[in-house]
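# Descriptive structure summary
Each chain, letter by letter, is given below.
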Amino acid sequence: MPSERLKLIEDAMRRFPDLPPEVFFKEDLLRLGLSLALPESATGSYQKKSYFIFSFDRTPIGQMEEKENLRAPEEIALVGGPYGLRRTIISVRLNQQSPYRLERLPEAGDAQGDEGFVLTFEGEKVSDVRFPPEPEHYRRRLRNGKPVSEIAPTIEWGYLIYLTVFRQCQYFGSEQECRFCDINGNFRQQRDAGLPYTNVKSVEEILEALEVIASTDSISRAYTLTGGSVTSTLRGKSEADFYAEYAEAIEGRFPGKWLGKAVVQALPHEELVKFRDAGIRIYHPNYEVWDARLFAALCPGKEQYIGQKTWIDRILAARNVFGASCVIPNFVAGIEMSRPYGFGSVEEAIRSTGEGLEFFMSQGVTPRFTTWCPEPLSDLGSQEPAPLEYHLRLLQVYRDTLAKHRLAPPPGYGPAGAGQAIFSVSSFMDVLPASNPVSAKAQ
């Protein structure tokens, strides 16, 4: 018999019958994290967690007594099990107190790779688990000795090369840092742990890493160029000039090989033209939270330097540079309910974010989500996440608002549909109609 807590998830499945069963576990894992029971011998044959920008963990590295951060897979895929789950790719967020546990069945013995691993919830099996295969370039080093995986890690089961070229953010301290963000804290913990974690990656390092990927990889289709915000200058350059230099170099060396995406602040028109001319096709001016009061409270640096109204105006103006469908601001789903700033009920939080989705989608802009997992190195990291019901209702609103305005899924995220989606930090792509329906046999 299922445990009482597992029965709550099964009850939610009955209350939200229009959502695929896979997203109930995906959203719950993203908000609660995953406990790891990998043997110390499990060090090869699959892709390890790279900490590509934030920690996305609910346990700091310093508290991981078994050094789980060194063995955790970047992502997992849930497959089959008692719920008959289609392949569901999920970002691994470590939390040794989580009711979800990744473990190997005793009968698996000395099996290699991901054979015999399962996901359990309070000891009861949820599904079988698959790990992402280790890319060839993860076994290579640059001429200066740095691992290629540190300079150019991949996520989304190999689809996306994630280029965090600036590991810190110039929004610094409690008066400026976004309260849900641990980019600066994660940088410090990685360095304190003695792990390779380059603060500012050089253009030359990026190009050398991409040369290795281009010669060994056939899976990647896009890259994201990003890092912390630049409020003054970095290496003598403004934010736009700093990041655009990388884009220009990448597109000059590898013209059109990958779909170029940039995550930077909401910048003026003339600055965005630099990215477009350099070859960037997708622009992510991450908006984080819709409500004006919460934007100011949760993103104090963004409010101070740019402001909520100007941020919105610049998102809309960016349509004239990239096209409306290629302007994709991120919402951190769940911070609307964070204490002490957020809404006290799911109803209020959904109403607010629903207004934001309606506003943007009515004008052709398709936001996306990252499911909030409170990171202890952030200002909001000591609390519990938003309830599962909030995330389920938000997925419904997103799906229905997108359909209402007859918009396609945002480009640059791979296929849509349960069993096909590869975007691993939210289920918004999983709930949309399948891009290329395939038979269950082909899964």
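Above this text sits the structure in question.
Quick summary incoming for the structure in this document. Just so it is clear, the model here is predicted, and its values are computed rather than measured. (Residues numbered from 1 in each chain as written. Predicted model: local features only at pLDDT ≥ 70, side-chain atom pairs only at ≥ 80, totals over all residues. Heavy atoms only, no water.)

## Thoughts on the pairing of strand β9 (residues 222–227)
- Taking burial as the measure, the 6 residues of β9 include 6 buried ones, the bulk of the element.
- Residues Ala222, Thr224 and Thr226 point to one face of β9 and Tyr223, Leu225 and Gly227 to the other, with burial holding for every one of them.
- Relative to β9, strand β8 (residues 160–166) runs parallel, the two sharing 6 bridges. Bridged to Leu163 within β9 is Leu225.
- In terms of strand pairing, β9 meets strand β10 (residues 259–263) through 4 bridges, oriented parallel. Each residue of the ladder has a partner; that of Ala222, found in β10, is Leu259.
- For the segment spanning β9, helix α6 (residues 239–253) and β10, crossover handedness is right-handed. (Buried < 20%, exposed > 50% of the residue type's maximum accessible area, 1.4 Å probe, protein only. Helix = DSSP H or I, 4+ residues; strand = E, 2+ residues; numbered from the N terminus. Pairing = 2+ DSSP bridges. Right-handed = clockwise from strand over helix to strand, strands pointing away.)

## Some details on unusual backbone geometry
- Arg339 connects to Pro340 through a cis peptide bond whose omega is 0°.
- Counting through the fold element by element, Pro340 comes out in the loop between β12 (330–333) and α12 (346–361).
- The phi torsion at Arg235 lies on the positive side, around 55°, for a residue other than glycine.
- Counting through the fold element by element, Arg235 comes out in the loop between β9 and α6.

## Overview of empty space enclosed by the protein
- Summed over all chains, the structure comprises 2 cavities of 30 Å³ or more.
- Put simply, the largest cavity is a space of about 750 Å³.
- For the largest cavity, the lining is made up of 45 residues, of which Ile53, Phe54, Val263, Asn286 and Glu288 are closest to its centre.
- The set of elements that each furnish at least two residues to the lining of the largest cavity consists of β8, α4 (183–192), β9, α6, β10, β12 and β13 (368–371).
- Tallied by class, residues from the lining of the largest cavity come to 23 nonpolar, 13 polar and 9 charged.
- Of the pockets and cavities examined, the second largest cavity occupies roughly 40 Å³. (1 Å grid on protein atoms, 1.4 Å probe; cavity = no way out; pocket = protein on both sides within 12 Å on 5 of 7 lines; lining within 4 Å. Points joined across faces, edges and corners; volume = space filled by probe spheres on them. Nonpolar A, V, L, I, M, F, W, Y, C, P; charged D, E, K, R; others polar.)

## Describing the pattern of salt bridges
- Taken as a whole and assessed by the stated rule, the structure comprises 28 salt bridges.
- Between Lys125 and Asp128 there is a salt bridge; the shortest N-O distance is 2.9 Å.
- In this structure, the salt-bridge partner of Arg399 is Asp400, at a minimum N-O distance of 2.8 Å.
- The exposure class assigned to Arg399 is buried, which follows from its relative accessible area of 16%. (Salt bridge = Lys/Arg side-chain N within 4 Å of Asp/Glu carboxyl O.)

## Some remarks on the packing of helix α2 (residues 21–32) against helix α13 (residues 388–404)
- Running from N to C, α2 and α13 point in directions that differ by 125°, and their axes come no closer than 10 Å. As far as their axial angle goes, α13 and α2 are oblique. When the axes of α2 and α13 are compared, the crossing they make is right-handed. Here Val23, Phe24, Glu27, Asp28 and Arg31 of α2 lie close against α13, whose contacting residues are Leu388, His391, Leu392 and Leu395.
- Taken together, the residues that form the contact of α2 with α13 break down as 5 nonpolar, 1 polar and 3 charged. (Axes fitted to C-alpha atoms, helices over the stretch in contact; angles between N-to-C directions. Parallel < 35°, antiparallel > 145°, perpendicular 65-115°, else oblique. Left-handed = near helix turned anticlockwise from the far one by under 90°. Contact = heavy atoms within 4.5 Å.)

## Thoughts on the packing of aromatic side chains
- Scanning the entire structure with this criterion turns up 29 aromatic pairs.
- Residues Phe117 and Phe131 carry aromatic rings whose centres are separated by 5.1 Å and whose planes lie at 40° to one another, so their mutual orientation is tilted. Pair noted here: Phe117 is in strand β5 (residues 117–121) and Phe131 is in the loop between β6 (124–130) and α3 (148–151), with a separation of 14 residues, a long-range link.
- By way of ring pairs, the aromatic residues Tyr287, Trp290, Phe295, Trp311, Phe331, Phe359, Phe360, Phe369, Tyr398, Tyr413, Phe423 and Phe428 are connected into one cluster. (Phe/Tyr/Trp six-rings, centres within 6.5 Å; stacked < 30°, edge-to-face > 60°.)

## Side note on the layout of surface pockets
- Taken as a whole, the largest pocket spans an internal volume of roughly 440 Å³.
- As for the largest pocket, its lining consists of 20 residues, of which Lys48, Lys49, Ser50, Ser149 and Pro196 are closest to the centre.
- For the lining of the largest pocket, the residue count by class is 9 nonpolar, 5 polar and 6 charged.
- The space that makes up the second largest pocket amounts to roughly 260 Å³.
- As for the second largest pocket, its lining consists of 15 residues, and the residues nearest its centre are Leu8, Ile9, Asp28, Arg31 and Leu388.
- Among the elements of the structure, α1 (4–15), α2 and α13 are those that each provide at least two residues to the lining of the second largest pocket.
- Of all the elements, α1 adds the most residues to the lining of the second largest pocket, at 6 residues.
- A class-by-class count of the residues in the lining of the second largest pocket yields 9 nonpolar, no polar and 6 charged.

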